[in-house]
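The lines below spell out each chain.
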Amino acid sequence: MDDEATRATIGAVRRLDAAFDRGDIDAFMAAMTEDCVWESFAPAPDGRRHEGQAAVRQAMADFLGSSPVFDGEEMFACGDRVTVRWTCRFDGGHVRGVDVVRVRDGKVVEILSYVKG
């Protein structure tokens, strides 16, 4: 879909992804709302839910400390929602998965991460 809301949503997710790729936790958190949520894909089988800036910051800092490398495969966007397929490489292997992302007022409010297997 090519409308202004969808383009703004894609822009918000790209800002978040760029901060992640740089390992810039301050920029990453600046791209998220105060009431943000990240449901991580680890530990298996259901991951963990992190709510609010402080909890998401700590969880993301811990995750970035494991030196993951993400390769985005594909992005689908419509309105305030984005789905991103990716591969995450880390010491000892990799996982493939998707993030279901919701944006509000130009910032990411929710990331729900899922993996195969």
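To start, this report covers the structure provided alongside it. Just so we're clear, the structure is a prediction, and the values are computed from it rather than from any experiment. (Residues numbered from 1 in each chain as written. Predicted model: local features only at pLDDT ≥ 70, side-chain atom pairs only at ≥ 80, totals over all residues. Heavy atoms only, no water.)

All right, on to the overall build of the protein then. When its secondary structure is counted, the protein shows three helices and six strands. Counting from the amino terminus, helix and strand elements in the protein follow one another as α-α-β-β-α-β-β-β-β. Expected size for 117 residues packed as a compact globule is a radius of gyration near 13 Å; at 13 Å, the protein falls within 12% of this value. For the protein, the spread of C-alpha atoms along the principal axes amounts to about 40 × 30 × 25 Å. (Helix = DSSP H or I, 4+ residues; strand = E, 2+ residues; numbered from the N terminus. Rg over C-alpha atoms; globule rule 2.2 N^0.38 Å.)

What follows concerns the sheet that holds strand β6 (residues 107-115). With mixed pairing, the six strands of this open sheet are ordered in space as β2-β1-β6-β5-β4-β3. Among the strands making up the open sheet, the edge pair consists of β2 (49-51) and β3 (69-78). Averaged over all neighbouring strand pairs, the angle between strand axes comes to 15 degrees, with direction disregarded. Here strand β1 (residues 32-39) runs beside β2; their pairing, made up of three bridges, is antiparallel. Along β2, the bridge assignment pairs Trp-38 with His-50. Where helix α1 (residues 4-22) meets the sheet, its contacts fall on β1, β3, β4 (81-90), β5 (93-104) and β6, and the angle it forms with β3 comes to roughly 170 degrees. Across the sheet, helix α3 (residues 53-64) lies against β1, β2, β3 and β4, angled at about 50 degrees from β1, the strand it touches most. (Pairing = 2+ DSSP bridges. Axes fitted to C-alpha atoms, helices over the stretch in contact; angles between N-to-C directions. Contact = heavy atoms within 4.5 Å.)

Any link to function would need more than the numbers given here.
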